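Letter by letter, the chains look like this.
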Amino acid sequence: MRDLIIIGGGPGGVSAGIYAARKKIKTLLITDGFGGQSMISAEIGNWIGDQSISGYDLAKKMEEHLRAQEEIEIVDDDGVCVVQKIDGGFSVVTKNGKIFETKYLLITSGSHRRKLDIPGEHEFDGKGVVYCSTCDAPIFKNKTVAVIGGGNSALESVIDLLPYASKIYLLVRSEIIRGDSVTQDKVRQHPNVEVVLNATPQEVIGDKFVTGLRYKDMKGGEIKDLALEGVFVEIGLIPNSDFIKDIVARDDYGAIVVDSKTQETSCAGIWAAGDVTDVLYKQNNISAGDAIKAVLNISDCLKKQ
Amino acid sequence: MAKITIYSTPSCMYCKMAKEFFTKNNIAYSEHDIAVDDAARDEMLAKSGQMGVPVIDIDGKIVVGFDRGAIEAALGMK
Ligand SMILES: Cc1cc2nc3c(=O)[nH]c(=O)nc-3n(C[C@H](O)[C@H](O)[C@H](O)COP(=O)(O)OP(=O)(O)OC[C@H]3O[C@@H](n4cnc5c(N)ncnc54)[C@H](O)[C@@H]3O)c2cc1C
């Protein structure tokens with residue numbers, strides 16, 4: 001049986017893989033792709049050691065660093081769908097139907113975007129409903145769009161759209177915008193931006209492409225329609241933790257609860273790190289550091305046996 | 001040789017990956033940056049019914065996103 005299976009190939013998983021290999025822990029890393037969430041980012045300015053790097057280049061560098069290690073087995077085209085407890089460890093079942101056994105498990109499977117879950121969203125995905133503003137903002141040149149969300153990613157999305165869209169509604173569900181105040185000012189002061197507070201989206205409207213968005217004004221209670229061609233969804237993240245939900249404790253948001261000293265979960269033998277956990281701050285460097293912390297703790301546990 | 005046109009934006013990483021895939025496999029392609037070329041944008045929307053990049057036209061077969069399997073199938077590589 002292997003000593004360790006790492007699930008995920010983002011900054012958390014890759015950092016863990018490199019440390020595990022250098023510690024000569026018998027490790028398998030399973031992921032359905034390298035790089036993690038910021039891969040789609042045009043510019044990352046806070047990855048320590050690189051003043052500026054694209055998400056794509058960072059993903060490549062991380063993968064190359066991992067592959068340069070001799071002592072690690074990698075499956076990079078498969079995802080984990082179920083984990084079961086077995087005698088002396090765990091068995092991991094993948095989407096391609098493979099089964100791997102391990103003594104210990106480290107989960108660094110990150111998170112994915114939350115969807116609006118309203119009529120029309122799925123139907124018009126790629127036809128005006130957008131989840132990657134960095135990629136698709138230029139398509140909306142001279143068009144009217146809405147960004148949904150009140151956090152930093154919604155504000156960033158507005159910034160991505162400013163050079164292109166002729167009018168941007170920022171629809172926020174609550175009474176305040178939570179995102180960074182400097183970015184907020186920049187967004188609020190721009191003549192092309194209109195902030196709509198207390199707005200809950202109800203339906204994406206369209207024919208071939210999106211033509212409008214219906215929302216409810218939570219203060220007055222009325223239903224209102226906006227004529228527009230793009231709906232940019234930036235309403236937060238959901239941890240990729242479903243495959244482990246029966247074994248480890250999760251919080252109300254589905255984040256795996258960890259001990260911040262060691263990254264251990266509620267189940268002995270399973271560690272978790274990065275965006276999939278209840279860590280307060282979600283960042284590349286934090287995922288890397290926390291995953292490394294987990295491997296060092298796993299290494300200690302292996303030595304004690 | 002298949003005639004390949006890729007519709008892209010400069011900040012789209014999946015576009016970059018698609019182009020790299022073609023380069024690696026020595027496959028020639030032409031590119032339209034729809035951030036500056038409005039006519040190409042409209043052409044892309046008409047061809048694909050999609051408002052997302054990359055859109056790749058391989059001899060009239062339309063692939064949306066960097067879908068490696070679909071690209072290989074359209075090129076008869078598999
Ligand atoms: C557009 C954007 C820009 C960002 N910019 C920055 C920035 O500038 N600086 C910064 O510090 N942070 C940034 N972030 C946040 C940062 O990307 C995340 O905090 C970081 O990616 C989390 O790393 P992770 O390894 O925990 O998880 P993730 O990056 O989510 O990686 C998870 C990995 O697990 C894999 N996976 C998921 N489920 C399974 C499964 N069931 N089986 C196998 N593999 C699976 C995925 O394919 C992925 O490789 C940005 C995020 C986004 C979306």
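Structure's up top.
Just so it is clear, the structure is predicted and the values come from calculations on it, not from any experiment. (Residues numbered from 1 in each chain as written. Chains lettered and ligands numbered in written order. Predicted model: local features only at pLDDT ≥ 70, side-chain atom pairs only at ≥ 80, totals over all residues. Heavy atoms only, no water.)

**Focus: the overall build of chain A**
In terms of helices and strands, chain A carries 6 helices and 17 strands. Taken over the C-alpha trace, chain A has a radius of gyration of 21 Å; the compact-globule value for 305 residues is 19 Å, and the two agree within 12%. Oriented by its inertia axes, the alpha-carbon framework of chain A measures out at about 65 × 40 × 35 Å. Surface exposure of chain A reaches about 14300 Å², of which carbon and sulfur atoms provide 47%. Across chain A, the centroid of the 35 positively charged side chains sits 2 Å from that of the 43 negatively charged ones. (Helix = DSSP H or I, 4+ residues; strand = E, 2+ residues; numbered from the N terminus. Rg over C-alpha atoms; globule rule 2.2 N^0.38 Å. Areas by Shrake-Rupley, 256 points an atom, 1.4 Å probe, with all protein chains shown as cover. Lys, Arg positive; Asp, Glu negative; His and termini not counted. Charge placed at Lys NZ, Arg CZ, Asp CG, Glu CD.)

**Some remarks on the layout of surface pockets**
Each pocket or cavity is described by its volume, and for the second largest pocket that value is around 330 Å³. Lining the second largest pocket are 17 residues; nearest its centre among them are Cys132(A), Asp136(A), Gly52(B), Val53(B) and Gly65(B). At the level of secondary structure, the elements contributing two or more residues to the lining of the second largest pocket comprise strand 8 (129-130) and helix 3 (133-136) of chain A. Tallied by class, the residues present in the lining of the second largest pocket amount to 11 nonpolar, 4 polar and 2 charged. (1 Å grid on protein atoms, 1.4 Å probe; cavity = no way out; pocket = protein on both sides within 12 Å on 5 of 7 lines; lining within 4 Å. Points joined across faces, edges and corners; volume = space filled by probe spheres on them. Nonpolar A, V, L, I, M, F, W, Y, C, P; charged D, E, K, R; others polar.)

**Brief notes about the pattern of salt bridges**
Residue and element names in this part refer to chain A. Following the criterion strictly, the structure yields 23 salt bridges over all chains and no others. Between Asp-50 and Lys-61 there is a salt bridge, and its shortest N-O distance comes to 3.1 Å. Within this pair, whereas Asp-50 is found in the loop between strand 2 (27-30) and helix 2 (55-67), its partner Lys-61 is found in helix 2, the two being separated by 11 residues in sequence. Among the residues examined, Lys-61 registers a relative accessible area of 43% and is labelled partly exposed. The partner of Arg-67 in a salt bridge is Glu-63, with the nearest N and O atoms 2.9 Å apart. Taken as a pair, Arg-67 and Glu-63 lie in helix 2 at a separation of 4 residues, close to a single helical turn. The class of Arg-67 is partly exposed, set by a relative accessible area of 41%. By relative accessible area, which is 25% here, Glu-63 ends up partly exposed. Among the charged side chains, a salt-bridge network with shared partners connects Glu-63, Arg-67 and Asp-76. (Salt bridge = Lys/Arg side-chain N within 4 Å of Asp/Glu carboxyl O. Buried < 20%, exposed > 50% of the residue type's maximum accessible area, 1.4 Å probe, protein only.)

**Here's the deal with the packing of aromatic side chains**
Aromatic ring pairs are described here by two measures, namely the spacing of the ring centres and the angle between the planes. A complete count under the given rule lists 5 aromatic pairs over all chains for this structure. Ring centres 5.2 Å apart and planes at 75° place the aromatic pair Phe140(A) and Phe232(A) in the edge-to-face group. Of this pair, Phe140(A) sits in the loop between helix 3 and strand 9 (144-148) while Phe232(A) sits in strand 15 (residues 230-233), placing them 92 residues apart in sequence. Here Phe232(A) falls in the buried class, since its relative accessible area comes to 0%. Both rings, one in Phe21(B) and one in Phe22(B), keep their centres 5.8 Å apart while their planes meet at 65°; by these two values the pair is edge-to-face. Phe22(B) carries the same exposure label as Phe21(B), and that label is buried. (Phe/Tyr/Trp six-rings, centres within 6.5 Å; stacked < 30°, edge-to-face > 60°.)

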